[in-house]
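Architecture at a glance
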4 protein chains.
Amino acid sequence: MTNNMIRVALIGSTGYTALEVARLLLAHGKAELTVATSRSDEGKPLSEIHPSLAGRCDIALQPFDPEQIAKQADVAMCCLPHGASAESVRDLASAGIRVIDFSADFRLSSVPLYEQWYGVTHPWPERVGNVVYGMPEFFAQEIATADVVANPGCYPTSAIMPLAPLVRAGLIQTDDIIIDSKSGVSGAGRSPKLGTLYCEANESISAYSIASHRHGPEMQDLIHRISGKTVDVLFTPHLTPMDRGILSTMYARPELQKGDTVESVKARLMAELRETYRDQPFIHVVDHLPATKHVVMTNHVQMTVRVAGPSDAPGRVIIVCAIDNLSKGASGAAIQNMNVMFGVDQMMGL
Amino acid sequence: MTNNMIRVALIGSTGYTALEVARLLLAHGKAELTVATSRSDEGKPLSEIHPSLAGRCDIALQPFDPEQIAKQADVAMCCLPHGASAESVRDLASAGIRVIDFSADFRLSSVPLYEQWYGVTHPWPERVGNVVYGMPEFFAQEIATADVVANPGCYPTSAIMPLAPLVRAGLIQTDDIIIDSKSGVSGAGRSPKLGTLYCEANESISAYSIASHRHGPEMQDLIHRISGKTVDVLFTPHLTPMDRGILSTMYARPELQKGDTVESVKARLMAELRETYRDQPFIHVVDHLPATKHVVMTNHVQMTVRVAGPSDAPGRVIIVCAIDNLSKGASGAAIQNMNVMFGVDQMMGL
Amino acid sequence: MTNNMIRVALIGSTGYTALEVARLLLAHGKAELTVATSRSDEGKPLSEIHPSLAGRCDIALQPFDPEQIAKQADVAMCCLPHGASAESVRDLASAGIRVIDFSADFRLSSVPLYEQWYGVTHPWPERVGNVVYGMPEFFAQEIATADVVANPGCYPTSAIMPLAPLVRAGLIQTDDIIIDSKSGVSGAGRSPKLGTLYCEANESISAYSIASHRHGPEMQDLIHRISGKTVDVLFTPHLTPMDRGILSTMYARPELQKGDTVESVKARLMAELRETYRDQPFIHVVDHLPATKHVVMTNHVQMTVRVAGPSDAPGRVIIVCAIDNLSKGASGAAIQNMNVMFGVDQMMGL
Amino acid sequence: MTNNMIRVALIGSTGYTALEVARLLLAHGKAELTVATSRSDEGKPLSEIHPSLAGRCDIALQPFDPEQIAKQADVAMCCLPHGASAESVRDLASAGIRVIDFSADFRLSSVPLYEQWYGVTHPWPERVGNVVYGMPEFFAQEIATADVVANPGCYPTSAIMPLAPLVRAGLIQTDDIIIDSKSGVSGAGRSPKLGTLYCEANESISAYSIASHRHGPEMQDLIHRISGKTVDVLFTPHLTPMDRGILSTMYARPELQKGDTVESVKARLMAELRETYRDQPFIHVVDHLPATKHVVMTNHVQMTVRVAGPSDAPGRVIIVCAIDNLSKGASGAAIQNMNVMFGVDQMMGL
């Protein structure tokens, strides 16, 4: 261990996002994994749970002891289920360790909204609405000094990044937005369930949680936080036969200006996105139609805009955005947040 | 060969739809493949082009000779590219053989619409608008006596089947319909191209031909033909990492009645679809959210309806429909059409 | 229900082989599903467990009551785990219903061999060694009159079909046979387990149970039963990222004759296989190298032979055989057995 | 560009190995891509050919001009087809630039062996047998000073790494080795061909080039070069439905010692492999059975040993080795070689 390395604790180590953190840290020159906890597999080496780490990461799983962890690590990445996560985040923060929380527990602005959608009493309500949303493209300054960061949801990342700037600039209408998202199966986690068995999910696509997925309110809440405007989104997620990646195809109405054509609307929206992300190394506004394969296994985002309608009557804006749900949609974003929190180049290790 | 068997000629035998026809005929008790043509592979056994037929179908590929084929077969299934197909259909029909055309050449209602979208001069314009669309659920009577049947497109089948009855019954608005479709890769055909290589299409999803795919006007044309109403659809197809299957997720606005709730709207639309398809053996209006895996390798269709919005202010109807693009979206529909044309049980062999 | 239909009871209805039986029976002109049992889902429609049956098979799951089932069905297909299966088979047979058992409980020749490999006390030892192995290509006569049929294992089918005739004819050495098999994931069943989650099995291949899989002794036992010779096989199964299909690549030493060349050995082995299976409608000895895609969703088998070595010193025979593990490797074979048992064309419904 | 960066030229930029080199260099702290050539796409940005590089690598494709490239780069990675590659390698070396050749042109020890298997006249026969094989685990010293490095084949890497040390130590017999390998589809390259279309390769596994693949002699040649012993291998490659990864399952006979048991043989072989690779950061001798998923997207190798036979009569050794065909089997190895050639940590960027 080098003296100047950021020491990272992984809280809840058995899932895919935890593995992705461990994997990314192996190639990170200025941070290293020093702690990994697990209730169920205490004492085992992390590489027994994740055989791809064999010979590469020999850390042993330890129980969750915040005081102890605070001595061993500078930052904790908390990969626990919602509810349970908030408790651990509170205990870690109390022990003086900075925390990046992968759960949804601190993403929403209000306790009632959280409790309506997650169906549990929030264990640390004082901090709800008072934790920065870990999207450095919009909140880098607050992240830099934060004690707790709410790491964004995967679907919300794919929707907020293109929509928030367009809403903020008044380029699309706020009350008619449809988000049709397609996610790889890793988004459903690593607990054995019938629906995510290979022979159920393979060679098949299906919609789920239509108009009732928890990421819908997260999208609305964050677009509001970034743009100052209230939006209404209809969100349909789909389970897609691939390991990783989210493609969101979004439909909105343009705010038209006099003399607008399909081409002028497209140009204006593309320009706004390009301007917004000009200095953001991970966000790419591209001319081609992005595929998830263009971004998986990276922290990068590709997005583009199309406009439908007769040339002189642009009717509908179609926005396509591709991310890796496990990287920019989870663990990559967490590493990026950590980099911002500890003052190193935000691309380090990504 | 049994005396009473329907004798089928396959015109253009090297692609996936042709293989699917051959495969289905092997299990069809009242029809058999007697001719298979190919320009490029004349003389070879069909099973050399499609090794899954080895030992099961030993027919040899022959050149395209309409007079000859008329002696050998009762019906021709024409699996050629658009333009080329219309010419062959004309020649086969002139030779007195009934034809099921897999191309788009006779699907649209007017020559200008066809030439605008397909960019070629139509070789047999007299018959455009004068050929039945091969969807027995709506046009069985005309199919029964037709000399030429225009076999439906794959995406249009998935969209027309749920949308046309709802438009016809005045249950959804006609000017705000979005069709977000996800298709397996077989829809792109069997000619080697970069985009359909395994390593390009696997583990990736992407949109293509946004608001510019030729199946958009086909959907509009047929919904109009069935419902008598002009509709405007925005159609986005996606290439999905699976062999077969189409899932179309459709978004529309309900025509509301006084006192409507989310539940009442859903019930009304489901009832309309159930009533429409009550006697149709292949169409299933289901409560669950269909996955393509529920229908691939069959001629069956599963569809359902959801409604979004606050309970007392239903805002948007979401319709999901799953089909197998190669079966009900192509070769299964052709067999079904053939069954209707020759007066056998329409489920025979399907 | 037609009077002359074979009435089929499905015992244990929630797995993939049960679904495959139900699916195949829907297209079988002379048999129909009349009973489906399940301990865990009693009362539910079968189509709730298998949504692909929605609107196609509305039978309700009932408890396991042999006396009752004997009144409702002519044959029972028993899809239970080993041990449990033998008990049910005994009770069904005692109630006077003919049984096709999908488990391994009656496949092996002796109780000690069974108990050594399956680690349980056999519930009905009297019948072990006294039940026909359900491979009509070798045992059709006994199957025709059997009260109980032991449906073959999937891997054994892919190995026995090419190896047994070659061993019987003295064309390959018996003591140096390696069977390297690759199976689709459906072979592992439908119970949620970490190893068969989509994100574990997808995009990955791995060996398991090397030299210790229970299908090894089954192969040896049956090759002995068919050929009269004792063989020693080394069997390595692999989990392959696909739903269905088994490809077995087998390595053996030829029994050489004077003047043999690579070509003469290949010709002799191919001729023996062609002769053996000349009248068998499902078995195809092909020139090309079979792929699992050529046989999945069918009851057909493709096999071929290659010989390695300098042309004048043939050293090793390589045999490749492809089957569908769920069809010829399980449910298709069961339907074929049923056809033989009830005197209908063995290809009926397949 | 930093002064001390290794400047890399990519010769032939349109394939998967070229993309992998570009991708790896983006994360390499001490090397950067300065040149990319292409005959067919001159002038285009590399990211147009490989959209995953959009916004990340803006280099434009240039024609192949060795003198010019020698000014722009310190090392050339030559990703051309065999035959064509040897010519370019010669011209680049003559221009004074060090070369890592991805083709097979300089891997084999003799011109006749090369010309027998590759069917072309070698353009630079003087150097055949006189170029180091780019496997730093065995040839690091020669690589460090080499002007030309022959980057190893993918299948040979997976076979040589476990077999060569065991042969060298006299632990397995040399005349009875079977290598049954399963490769992802990227190994077949990026040129559109029927066999590598998604719908042909997906959901299917098949053997090809049985006992006639060019990597067989490469394995024999290199095992001889490393161990000093002549071996005879029988090699069967399989096309497996996954993007990346090779799993080789190998069968050999142990050289037995008095009193040997299955356990003692396994322990001796594992110990030999562990000792051989003790200081090699990428090679992991593991207890579990490796899956390709454990190593894809990394330069790491996992291998293990099993022994079959009655406990007191060990009969056959089974060795399993997993690599990523595009990384350790191609581009990762090339980066590792470059690191050794330029004196930086061999794990840099990997």
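Right above here is the structure, for reference.
My aim in this report is to walk through the structure given alongside it, one point at a time. No experiment lies behind these values; they were computed from the predicted model shown.

**Observations concerning the relation of the copies chain D and chain C**
Both copies of the chain are tied together by a single rotation about an axis and a shift running along it. When chain D is fitted onto chain C, the two copies agree to an RMSD of 0.0 Å after a turn of 180 degrees and an axial shift of 0.0 Å. Both copies of the chain, as the preceding transformation shows, are related through a two-fold rotation axis. For chain D, the residue whose C-alpha comes nearest the rotation axis is Pro241 of chain D, separated from it by 3.2 Å. Take the interface residues of chain D: 100% of them recur as interface residues in chain C, which is what a same-surface contact looks like.

**Regarding the relation of the copies chain A and chain B**
The transform that puts chain A on chain B rotates by 180 degrees and translates by 0.0 Å along the axis, for an RMSD of 0.0 Å. Comparing interface residues between copies, 100% of those in chain A also sit at the interface in chain B, which points to an isologous, same-surface contact.

**Observations concerning the pairing of strand E5 (residues 98-101) of chain D**
Side-chain positions along a regular strand alternate between the two faces of the sheet. Residues and elements named next belong to chain D. Bridge count for strand E4 (residues 75-78) against E5 is 4 bridges, and the pairing is parallel. Bridging across to E5, Val75 finds its partner in Arg98. Taken together, E4, helix H4 (residues 84-94) and E5 form a β-α-β motif whose crossover is right-handed. Of the strand pairs in this sheet, E5 and strand E7 (residues 148-150) are connected by 3 bridges, and their pairing is parallel. Bridged to Ile100 within E7 is Val149.

**Quick notes on the side chain of His284 of chain B**
Mapping His284 of chain B onto the fold places it in strand E12 (residues 283-285). Non-local contacts of His284 of chain B, meaning those with residues more than four positions away in its chain, are made with His300, Val301, Gln302 and Met303 of chain B together with Ala54, Gly55 and Arg56 of chain C.

**Points about the pattern of salt bridges**
For the structure on display, the rule yields 80 salt bridges over all chains. Residues Lys182 of chain A and Asp180 of chain A are paired through a salt bridge, measuring 2.9 Å at the closest nitrogen-oxygen approach. Just as Lys182 of chain A is buried, Asp180 of chain A falls in that class too. Note that Arg253 of chain C is salt-bridged to Asp176 of chain D, the shortest N-O span being 3.4 Å. Of this pair, Arg253 of chain C sits in the loop between strand E11 (246-252) and helix H10 (262-276) while Asp176 of chain D sits in the loop between helix H7 (154-168) and strand E8 (177-183), each in a different chain.

**Some points on the packing of aromatic side chains**
Tallied over the full model, the rule gives 22 aromatic pairs over all chains. Where Tyr198 of chain A meets Tyr198 of chain C, the ring centres are 5.5 Å apart and the plane angle is 15 degrees; that geometry is what we call stacked. Placement of the pair is Tyr198 of chain A in helix H8 (residues 198-201) and Tyr198 of chain C in helix H8 (residues 198-201), with the two residues belonging to separate chains. Classification of Tyr198 of chain A by relative accessible area gives buried; the value is 1%. Plain terms: the ring middles of Tyr114 of chain C and Tyr118 of chain C are 5.0 Å apart, the flat faces sit at 15 degrees to each other, and that makes the pair stacked. Here Tyr114 of chain C and its partner Tyr118 of chain C are both found in helix H5 (residues 111-118), 4 residues apart, which amounts to about one turn of the helix. Judged by relative accessible area, Tyr114 of chain C falls into the buried class, the value being 0%.

The rules behind these values
Residues numbered from 1 in each chain as written. Chains lettered and ligands numbered in written order. Predicted model: local features only at pLDDT ≥ 70, side-chain atom pairs only at ≥ 80, totals over all residues. Heavy atoms only, no water. Least-squares fit on C-alpha atoms with pLDDT ≥ 70 in both. Contact = heavy atoms within 4.5 Å. Pairing = 2+ DSSP bridges. Helix = DSSP H or I, 4+ residues; strand = E, 2+ residues; numbered from the N terminus. Right-handed = clockwise from strand over helix to strand, strands pointing away. Salt bridge = Lys/Arg side-chain N within 4 Å of Asp/Glu carboxyl O. Buried < 20%, exposed > 50% of the residue type's maximum accessible area, 1.4 Å probe, protein only. Phe/Tyr/Trp six-rings, centres within 6.5 Å; stacked < 30°, edge-to-face > 60°.

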